[in-house]
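Listed below, chain by chain, are the residues.
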Amino acid sequence: QVQLVESGGGLVQAGGSLRLSCAASGSFFRITDVGWYCQAPGKQRELVAGITSGGSTNYADSVKGRFVISRDNAKNTVYLQMNSLKPEDTAVYYCNARVLTLLGREYDYWGQGTQVTVSS
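Residues numbered from 1 in each chain as written. Predicted model: local features only at pLDDT ≥ 70, side-chain atom pairs only at ≥ 80, totals over all residues. Heavy atoms only, no water.

This next bit is on the nonpolar core. Counting 31 residues, the largest nonpolar core has Trp36, Val48, Phe67, Leu80, Met82 and Tyr93 as its most contacted members. Of all the elements, strand S9 (residues 91-100) adds the most residues to this core, at five residues. (Core = buried A, V, L, I, M, F, W, Y, C linked by side-chain atoms within 4.5 Å. Buried < 20%, exposed > 50% of the residue type's maximum accessible area, 1.4 Å probe, protein only. Helix = DSSP H or I, 4+ residues; strand = E, 2+ residues; numbered from the N terminus.)

Pasting the structure below:
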């Protein structure tokens, strides 16, 4: 079984920064693609940023130039550095990871989410 645990959320003033972490644990071969998603009240969950196993990244237009996704494969951890935060960034942030098992199969896992609240 694989577990993803997010951390780093909190309350911050507009213009501030937060760094989210998503740590994977359990029995698996390696983590491949990872995405950070956000879900605001009454809205659908949407992709904020993604990173492939090779390190290629993509971002939602709303966060380009402000957020940076990165990974530390040795720690099985993916980060989301969030800068110049805006009130509209307020949401629960989830990480999603595609995991390659020891048997060569791939599964998607979700973390439990971490709340980010940006005050104006």
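Another point: the environment of Leu80. Relative to the helices and strands, Leu80 resides in strand S8 (residues 77-82). Counting along the chain gives 49 residues from Leu80 to Ile31, while the straight-line C-alpha distance between them is 16 Å. Aside from chain neighbours lying at most four places away, what touches Leu80 is Leu18, Arg19, Leu20, Trp36, Val48, Ala49, Phe67, Val68, Ile69 and Tyr93. (Contact = heavy atoms within 4.5 Å.)

One open sheet accounts for four strands, arranged S1-S3-S8-S7; its pairing is antiparallel. Each edge of the open sheet carries a strand with a single partner, namely strand S1 (2-7) and strand S7 (67-72). Neighbour-to-neighbour, the strand axes of this sheet turn through a mean angle of 15°, independent of strand direction. As defined by bridge partners, strand S3 (residues 18-26) adjoins S8 across six bridges and the pair is classed as antiparallel. Across the sheet, the residue bridging to Leu20 is Leu80, located in S8. (Pairing = 2+ DSSP bridges. Axes fitted to C-alpha atoms, helices over the stretch in contact; angles between N-to-C directions.)

Quantified by volume, the largest pocket comes out at close to 280 Å³. In this structure, the largest pocket is lined by 19 residues; those nearest its centre are Cys38, Glu46, Ser62, Glu88 and Asp89. Elements supplying a minimum of two residues to the lining of the largest pocket: strand S4 (30-39), strand S5 (46-51) and S9. Broken down by element, the lining of the largest pocket gets its largest block of residues, three residues, from S5. Grouping the constituent residues of the lining of the largest pocket by class yields nine nonpolar, four polar and six charged. (1 Å grid on protein atoms, 1.4 Å probe; cavity = no way out; pocket = protein on both sides within 12 Å on 5 of 7 lines; lining within 4 Å. Points joined across faces, edges and corners; volume = space filled by probe spheres on them. Nonpolar A, V, L, I, M, F, W, Y, C, P; charged D, E, K, R; others polar.)

This brings us to the side chain of Glu6. In this fold, Glu6 is placed in strand S1. In this structure, Glu6 is buried with no salt-bridge partner, the nearest side chain bearing the opposite charge being Arg45 at 7.3 Å. From its side chain, Glu6 meets the backbone nitrogen of Cys95 in a polar contact 2.7 Å long. In this structure the side chain of Glu6 is engaged in a polar contact, spanning 2.7 Å, whose partner is the backbone nitrogen of Gly113. Not counting chain neighbours up to four residues away, the residues in contact with Glu6 comprise Ser21, Cys22, Trp36, Tyr93, Tyr94, Cys95, Gly111, Gln112, Gly113 and Thr114. (Lys, Arg positive; Asp, Glu negative; His and termini not counted. Salt bridge = Lys/Arg side-chain N within 4 Å of Asp/Glu carboxyl O. Polar contact = N/O pair within 3.5 Å; in protein donor to acceptor, adjacent residues only side chain to side chain.)

The pairing of S4 with S9 spans eight bridges and is antiparallel. Bridging across to S9, Trp36 finds its partner in Cys95. The pairing of S4 with S5 spans five bridges and is classified as antiparallel. Each bridged residue has a counterpart across the sheet, and for Cys38 the counterpart in S5 is Glu46. Counting the residues that bridge the hairpin from S4 to S5 gives six residues, and of these Gly42 lies at a positive phi of roughly 80°.

Our focus in this paragraph is unusual backbone geometry. If you check the backbone angles, Asn76 has positive phi at about 50° while not being a glycine. Among the secondary structure elements, Asn76 is positioned in the loop between S7 and S8. At Ser84, a position not held by glycine, the phi torsion is positive, near 50°. Along the polypeptide, Ser84 turns up in the loop between S8 and S9. On the basis of relative accessibility, which here comes to 41%, the residue Ser84 falls in the partly exposed class.

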